[in-house]
Amino acid sequence: MFALVRNMGQGVGISLVTAVLASMMQVNHAELAARLTATSQNVVNQMPGLLTASPQITAIVNGMVTQQAAMLSYLDDFWLMLMLSLAVIPLILLMRGPKSPDRELTDAEKALERAHAMGD
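Just so it is clear, the structure is predicted and the values come from calculations on it, not from any experiment.

Novice: I'd like to hear about the overall build of the protein, residue by residue, with values.
Specialist: Helix and strand counts for the protein come out as five helices and zero strands. Mapped from its N terminus to its C terminus, the protein presents α and β elements in the order α-α-α-α-α. For a compact globule of 120 residues, the expected C-alpha radius of gyration is about 14 Å, and the protein comes in at 28 Å, more than 25% above that figure. Counting only C-alpha atoms and orienting by the principal axes, one finds that the protein spans roughly 85 × 30 × 20 Å. Counting over 120 residues, the protein shows a buried share of 11%. Look at the contacts in the protein between residues 6 or more apart in sequence, and 65% of them connect residues 24 or more apart. Here the protein contributes 7 positively and 9 negatively charged side chains, and the mean placements of these two sets differ by 2 Å.

Novice: Any details on the side chain of Ser-73? Residues and values, ideally.
Specialist: Within the secondary structure, Ser-73 is located in helix H4 (residues 55-94). For Ser-73, the contacting residues outside a window of four places in its chain are Leu-21, Met-24, Met-25 and Asn-28.

Novice: Lay out the confidence of the model for the protein with the relevant residues and their values.
Specialist: In regions of low pLDDT, the predicted coordinates are not meant to be interpreted in detail. On average, residues of the protein score 85 in pLDDT, and 94% of them reach the 70 mark or higher. Model confidence for the protein, summarised as mean pLDDT per element, is weakest for helix H3 (residues 48-51) at 74 and strongest for helix H1 (residues 2-34) at 92.

Novice: Residue-level account of the environment of Met-81, with values.
Specialist: On the secondary structure map, Met-81 appears in helix H4. Its relative accessible area of 34% is what places Met-81 among the partly exposed residues. Between the C-alpha atom of Met-81 and that of Thr-52, which follows or precedes it by 29 residues, the distance is 42 Å.

Novice: Describe the environment of Met-47, and please don't skip the residues or the numbers.
Specialist: Inspection of the secondary structure assignment puts Met-47 in the loop between helix H2 (41-46) and H3. Judged by its relative accessible area of 22%, Met-47 falls in the partly exposed class. Between the alpha carbons of Met-47 and Met-8 there is a distance of 48 Å; along the sequence they are 39 residues apart. When sequence neighbours within four positions are dropped, the list of residues in contact with Met-47 reads Leu-36, Asn-42 and Val-61.

Novice: Can you break down the side chain of Asp-77 residue by residue, with the values?
Specialist: Within the secondary structure, Asp-77 is located in helix H4. Sequence-distant contacts of Asp-77, that is, excluding residues within four places in its chain, are made with Val-17, Val-20 and Leu-21.

Novice: Provide a residue-level description of the packing of H1 against H4, including the pertinent values.
Specialist: One way to put it is that H1 packs onto H4 with a least axis distance of 7 Å and a crossing angle of 135°. When the interaxial angle is binned, H1 and H4 end up oblique. Of the two elements, H1 crosses H4, and the hand of that crossing is right-handed. Tallied by class, residues from the contact of H1 with H4 come to 16 nonpolar, six polar and two charged.

Definitions and limits used
- Residues numbered from 1 in each chain as written.
- Predicted model: local features only at pLDDT ≥ 70, side-chain atom pairs only at ≥ 80, totals over all residues.
- Heavy atoms only, no water.
- Helix = DSSP H or I, 4+ residues; strand = E, 2+ residues; numbered from the N terminus.
- Rg over C-alpha atoms; globule rule 2.2 N^0.38 Å.
- Buried < 20%, exposed > 50% of the residue type's maximum accessible area, 1.4 Å probe, protein only.
- Contact = heavy atoms within 4.5 Å.
- Lys, Arg positive; Asp, Glu negative; His and termini not counted.
- Charge placed at Lys NZ, Arg CZ, Asp CG, Glu CD.
- pLDDT = per-residue confidence, 0-100.
- Axes fitted to C-alpha atoms, helices over the stretch in contact; angles between N-to-C directions.
- Parallel < 35°, antiparallel > 145°, perpendicular 65-115°, else oblique.
- Left-handed = near helix turned anticlockwise from the far one by under 90°.
- Nonpolar A, V, L, I, M, F, W, Y, C, P; charged D, E, K, R; others polar.

As structure tokens, then:
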């Protein structure tokens, strides 16, 4: 049962992180691309070829925007994982430790417990 819950949790966690990554990548790309306008002083000074709508320069700039959007999306994912990890820390305090035996078992008792664990 523990392995099933762990595997299901991993699957849900990976799916959640992947979905957030894809979503934030689109959002970040749109936000970064919206700042590249013809009236932007940085575009006029640093990328005048973008204003001529040259296909090669447009592709290069789009690649740079995509790269930066991906970086911001990974940062968003790491923040999400940090917040989820911090939220789970109080659960650790609620967990019990392993049972400690009151006395040391003899070799015969250990063998008997192993036999019961293996199904006699």
